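Listed below are the residues making up each chain.
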Amino acid sequence: MTTPVKAIQQVQLAKLLTSESRARRALRSVTDAGYTAIELLGFMTRPTPALVRALMRSGGMRVGRSGTLDWPALIAESGLDVVGIHEDLGSIENEPERVIASAGTYRTGNVTITSVHRVDFADPDAVRGLADRLNRAGRRLREEGLRLHWHN
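Let's talk about the pattern of salt bridges
A pair can form between side chains of opposite charge whenever their charged atoms are brought close.
Link 1 in the chain: For the structure shown, the criterion picks out ten salt bridges.
Link 2 in the chain: With its nearest N and O atoms 3.5 Å apart, the salt bridge here joins Glu87 to Arg98. With Glu87 in strand β3 (residues 81–87) and Arg98 in helix α6 (residues 96–105), this pair connects stretches of sequence that are eleven residues apart.
Link 3 in the chain: Taking relative accessible area as the criterion, Arg98 reaches 24% and is therefore assigned partly exposed.
Link 4 in the chain: Among the salt bridges present, the one from Arg140 reaches Glu144, with a minimum N-O distance of 3.2 Å.
Link 5 in the chain: For Arg140, a relative accessible area of 24% puts it in the partly exposed group.

In structure tokens, the structure reads:
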């Protein structure tokens, strides 16, 4: 029987990730609370344009400037495993090498699509088109030993 992993999403810590020292303390608190893993969000692990941060904030997710922190070092120091990284479908399609490299950096086999915008789910052709895109992205990641997931 596999032991369940106790993981937290990086975005749940967003307000605490304003500096390297605060992020270090937050991750230490997470491990002290018994968590063994974290799920990262690509837009929180690398510099992100102000527009993306504004869109996230409008959706209730304050990510601040956490993308300027040294996440590979922070994760290594924390001892937390990375259960997966969230990326948008466009990034997976347009920058698969970067996404694959990021998964390798964090030693995870899981890439999760955060959301898909501008798809009319009432339109069968649009849904089929999305399914084709997801299948292509999944095949590309699978070639590198990664699994593609969808965050509903």
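Structure shown, so let's carry the discussion forward.
As for the packing of aromatic side chains
Link 1 in the chain: One pass over the full model with this rule turns up zero aromatic pairs.
Link 2 in the chain: Positioned above the aromatic ring of Tyr35, the side-chain terminus of Lys6 is 4.9 Å from the ring centre.

Focus: the side chain of Thr112
Link 1 in the chain: Topologically, Thr112 is positioned in strand β4 (residues 110–113).
Link 2 in the chain: Given a relative accessible area of 7%, Thr112 falls into the buried group.
Link 3 in the chain: With residues up to four places along the chain from it excluded, the contact list for Thr112 reads Glu39, Ile85, His86, Glu87, His149, Trp150 and His151.

Digging into the pairing of β4
Link 1 in the chain: Of the two faces of β4, the one holding Asn110 and Thr112 and the one holding Val111 and Ile113 are both buried throughout.
Link 2 in the chain: Pairing between β3 and β4: three bridges, direction parallel. From the neighbouring strand, Ile85 faces β4, where its bridge partner is Val111.
Link 3 in the chain: When β4 meets strand β5 (residues 147–150), the two strands line up parallel, connected through four bridges. Looking across to β5, one finds that Ile113 is bridged to Trp150.
Link 4 in the chain: Handedness of the crossover joining β4 and β5 through helix α7 (residues 124–142) is recorded here as right-handed.

What counts as what
Residues numbered from 1 in each chain as written. Predicted model: local features only at pLDDT ≥ 70, side-chain atom pairs only at ≥ 80, totals over all residues. Heavy atoms only, no water. Salt bridge = Lys/Arg side-chain N within 4 Å of Asp/Glu carboxyl O. Helix = DSSP H or I, 4+ residues; strand = E, 2+ residues; numbered from the N terminus. Buried < 20%, exposed > 50% of the residue type's maximum accessible area, 1.4 Å probe, protein only. Phe/Tyr/Trp six-rings, centres within 6.5 Å; stacked < 30°, edge-to-face > 60°. Lys NZ or Arg CZ within 6 Å of the ring centre and 35° of its normal. Contact = heavy atoms within 4.5 Å. Pairing = 2+ DSSP bridges. Right-handed = clockwise from strand over helix to strand, strands pointing away.

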